Amino acid sequence: MIPFQIEKIYLDEKAAGDWVAQAVLKSLPHVPVEEVRDKKPLIKALLSKEDPIGLGKRNLFITRFYGKRLKPCPGTSNHICCGYHVINALTNCPMDCSYCVLQGYLNNPFLTLYSNWDELLLEIETFLSQNHSFLPRLGTGELSDSLALDSIFPLSQTLVSFFAERQKGILELKTKSGRVDHLLDLDHRGRTVVSWSVNPPQMIEEEERRTAPLAGRLEAARQCLERGYPVGIHFDPLIHHEGWEKGYREVTQQLLDRIDTKRIAWMSLGGFRYPPQLKGIAGERFPQARIFLGELFPGRDGKFRYLKEVRIEMYRKMVEWLRQGDPDLFIYLCMESQEVWEKVFGWAPKNSSHLNHLFEERLKKFMNGD
Amino acid sequence: MTLIQNIPLDQIDFSDGTFSINFMPDLERLRSSIQEMGVIQPVLLREKPKGYQIISGFRRIGVVQGLGHTGIVSRVIHEETEDLKLFFISLHDNLTSRGFNTVEKAIALEKLVDHFKVNPVVVTREMLPLFDLERNEKILNTFLSLARMEEEVKRYVLEEAVSRSNIRKLARLSVEDRNAAITLLTALKLGENSLREILTLLEEITKRDRCSVRKVIDLNEIQSLITHPELTSTQKTERVKRVLMDLRYPRMSHLEEQFEKKRRGLSLPPTISLHHPPFFEGRGLRIAFQFESVAEYRSILSSLSALAEREEFEEMIRGGEQAPNPKHPTTNRFK
């Protein structure tokens, strides 16, 4: 279980009868519940607090979502992206990473679970049954941590089973959690990739509050691998800090020592980047954070990134260390330009579709047991 | 029940500032008005065993004392009235007559929370609107932090009409750092954006290099700018910002320097300008040129054509990859 506590549940009266809401209330019998007719005054009251984001993480809002909940990941302009699709089942996250972009994006700071679950599954079903020219990859880890609320509501378990029964589509669960017991006995049929964001222990301690330590994440990855899950690893954000080489060298070594790299479906490298509005918000919430102290400048998509030469240096070193362990690792860069790809790998995908195609080829190998 | 009477000034306790929220009051207009018309609105006093406590009217009392009067028309409260209620009377009296400046709002809010022990939630919900402020905890905390700052900082905030977001930045500094920062800020001519930039740069440099603001300000480059007899405040501001930017972004500063050196080495005519991609992101270069005649245009084309034969120009286009520079200026000059 993630070490967090729900202090109160706000229940949209329209969602009160939904089985999802009932299941959550049953799993949190001692948490006070308040029924809500109109969420606007509730959100307004929260936004008037000193730290609405922090407070929102401790208060669960159960409501229905009206609209499409499956969308292509917006990615970023002028860069190569991987063609992922985002499932919006849960918004906001009980973990508290200083660099989390959700701090700057969400109008509603509450931890929000959408209870019209059957509609979501129908939407996913409809999407998967369309005649796509690509193998769809969908995930729940963009707007929250994929495993964060599983102890309260079996979100991941339900999705794993759902994807296992379908011919097309791959589910990615992206997490910083160390608890995966609830996934180990599921018949996933190789349709779910469980992936972890990793960083040196010093960075985890300083910038990733309420997340599992590195050792816990790697152990969880190992457990998933033992049960046949393909696993993903995301070095994202890669943080340029004093001692970064030593820190990341040690992380890659621990990874290579503990994980069978043949079962790593993919590995991403993404230099720390953030939208302009995030720094002010995070600066006030985490005055001791050091992550924004690097030399970061606006890129062609408006996001702030390290100097290109710094990123290239970091990526090259990472690729070198990782490939020393396994030259066949599928490593890609997240939200990077063609130029950076070329300088790191000596080649670049022609565009985002090309990268998506490469993912597909990789996944087919996994699914065929290659 | 209050009575209106003329109270001798020597019976009023000037040392009791329980209900005072004045900060840098502008007394000139009040003085002129009292000189001409006398005190129109009685001050409010509470009778105590030894003399009178001022509830409202500190400024009026100060002015009449300065004018040599011996007494002042006052409304006197005799019965026991709760302090908080009296404070509200004082607030309303001032709000309706002269309003409060930013620091006075801060002082008033701090008195409500710290002296009169009103719950901050209640202050946020019920009292912030009295000061034309939104019902927001962050706003209350901003004003509370301002009230607790040093006098010089408060003066600066008031005189320069510092915004709330910059007040919060000042609040994040330690007392020593804040006092050091003020010596720099008062020497410069800063608008809101420049102030924010400089505070941000100081905060980030000192945090990154684990040093004090004083250490940064005492650098020779900054001191020589602040004390330069021929630079205007605006010029000082721009140059100090440049120094701070170079401290904050040494790697970028080095890249800019190298680019500038190569650009100068090309000896381009003044009508041609050469630019790297913004923040060195992306490939290639950009050239801009201007001309006023066909002859000038031909001359520029000739220069551009000659440029194409220069090896160093080709290298600049390729982006001459930089290995990490072992002699790169260290980011920490304060170790």
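These remarks concern the structure in this document. Every value quoted in this text rests on a predicted model; they were computed, and no experiment measured them. Once a new chain begins, its residue numbering starts again from 1 and follows that chain's sequence as written. Throughout, the order in which chains and ligands are written sets their labels, letters from A for the former and numbers from 1 for the latter. The predicted nature of this model means local features are confined to residues of pLDDT at least 70 and side-chain atom pairs, given and counted, to a pLDDT of 80 or more, with totals for whole chains, interfaces and linings taken over all residues.

Some details on the overall build of chain A
Strands here mean DSSP runs of E at least two residues long; helices mean DSSP runs of H or I at least four residues long; both are numbered from the N terminus. Each helix and strand counted, chain A has 14 helices and 18 strands in total. Along the first, second and third principal axes, the C-alpha atoms of chain A reach 55 × 45 × 35 Å. Evaluated residue by residue, chain A yields a buried proportion of 42% over its 370 residues. A sequence separation of at least 24 residues applies to 77% of the contacts in chain A between residues at least 6 apart. Exposure criterion: with C-beta atoms placed from backbone coordinates, a residue whose C-beta has 20 or more other C-beta atoms within 10 Å is buried, one with 12 or fewer is exposed, and one in between is partly exposed. It is the C-beta atoms, placed from the backbone, that decide contacts: two residues are in contact if theirs lie within 7 Å.

Regarding the overall build of chain B
Assigned secondary structure in chain B consists of 16 helices and seven strands. Computed over the C-alpha atoms, the radius of gyration of chain B is 30 Å, more than 25% above the 20 Å expected from 2.2 N^0.38 for a compact globule of 335 residues. Structurally, chain B occupies a C-alpha span of about 95 × 45 × 35 Å along its principal axes. The 335 residues of chain B split such that 27% are buried. The contacts of chain B with a sequence gap of at least 6 include a subset with a gap of at least 24, amounting to 71%. The size measure is the radius of gyration over C-alpha atoms, and the globule rule it meets is 2.2 Å times the number of residues to the 0.38 power.

Here's the deal with the interface of chain A and chain B
Listed by partner, the interface residues are 17 residues for chain A and 20 residues for chain B. Of all elements in the fold, only strand S16 (296-298) and helix H12 (308-325) of chain A reach the threshold of two or more residues within the side of chain A that touches chain B. In this count, Pro and Cys sit with the nonpolar residues alongside Ala, Val, Leu, Ile, Met, Phe, Trp and Tyr, while Asp, Glu, Lys and Arg are called charged and the others, Gly among them, polar. By residue class, the composition of the side of chain A that touches chain B is five nonpolar, two polar and ten charged.

With respect to the packing of helix H4 (residues 102-115) of chain B against helix H6 (residues 137-147) of chain B
Residue and element names in this part refer to chain B. Axis lines are fitted through C-alpha atoms, for helices just across the contact stretch, and the angle between N-to-C directions can take any value from 0 to 180 degrees. Interaxial distance between H4 and H6 falls to 8 Å at its minimum, and their mutual angle equals 100°. By the criterion of interaxial angle, the relationship of H4 to H6 is roughly perpendicular. Residue-level inspection shows Val 103, Lys 105, Ala 106, Ile 107, Leu 109, Glu 110 and Val 113 of H4 in contact with H6, the latter providing Leu 140, Phe 143, Leu 144, Leu 146 and Ala 147. When its residues are assigned to classes, the contact of H4 with H6 shows ten nonpolar, no polar and two charged. By the definition adopted for this analysis, an angle is roughly parallel if under 35 degrees, roughly antiparallel if over 145, roughly perpendicular if from 65 to 115, and oblique otherwise.

Regarding the sheet that holds strand S6 (residues 90-91) of chain A
Residue and element names in this part refer to chain A. Reading across from one edge, S2-S1-S3-S8-S6 is the order of the five strands in this open sheet, with mixed pairing throughout. The strands lining the two open edges of the sheet, one partner per strand, are strand S2 (33-36) and S6. Inspection of the sheet shows strand S1 (residues 8-12) paired to strand S3 (residues 59-63) by four bridges, in the parallel sense. Within S3, the position partnered with Leu 11 by the bridge is Ile 62. Pairing between strands is defined by DSSP: at least two bridges between the two strands are required.

Re the sheet that holds strand S18 (residues 331-333) of chain A
All names here are of chain A. Ordered by their spatial adjacency, eight strands build an open sheet running S4-S5-S9-S10-S11-S13-S14-S18, and the pairing between neighbours is mixed. For this open sheet the edge positions go to strand S4 (70-72) and S18, each flanked by a neighbour on one side alone. The mean inter-strand angle of the sheet, taken between neighbouring strand axes irrespective of direction, is 25°. Here three bridges tie S4 to strand S5 (residues 85-87), and the two strands are oriented antiparallel to one another. Its bridge partner being in S5, Leu 70 is matched across the sheet by Ile 87.

Some details on the nonpolar core
Buried Ala, Val, Leu, Ile, Met, Phe, Trp, Tyr and Cys residues whose C-beta atoms connect them within 7 Å together make up a nonpolar core. Of all hydrophobic cores here, the largest spans 91 residues; its most connected members are Ile62(A), Leu113(A), Val194(A), Cys224(A), Val231(A) and Ile233(A). Ignoring anything within four residues of it in the chain, the contact list for Val231(A) reads Val193(A), Val194(A), Ser195(A), Ala221(A), Cys224(A), Leu225(A), Ile259(A), Arg263(A), Ile264(A) and Ala265(A). Counting 58 residues, the second-largest nonpolar core is a separate cluster that includes Ile34(B), Ala147(B), Ala181(B) and Leu225(B).

Describing helix H5 (residues 120-127) of chain B
All names here are of chain B. When we look at burial in H5, the residues that qualify are Val 123, Thr 124 and Met 127. Viewed along the axis of H5, the buried residues span an arc of 120°, placing them on a single side of the element. Turned more than 90 degrees off the buried face of H5, the exposed positions are Val 121, Val 122 and Glu 126. Buried residues along H5 sit in contact with H4 and H6. By construction, the arc corresponds to the directions joining the helix axis to the C-beta atoms.

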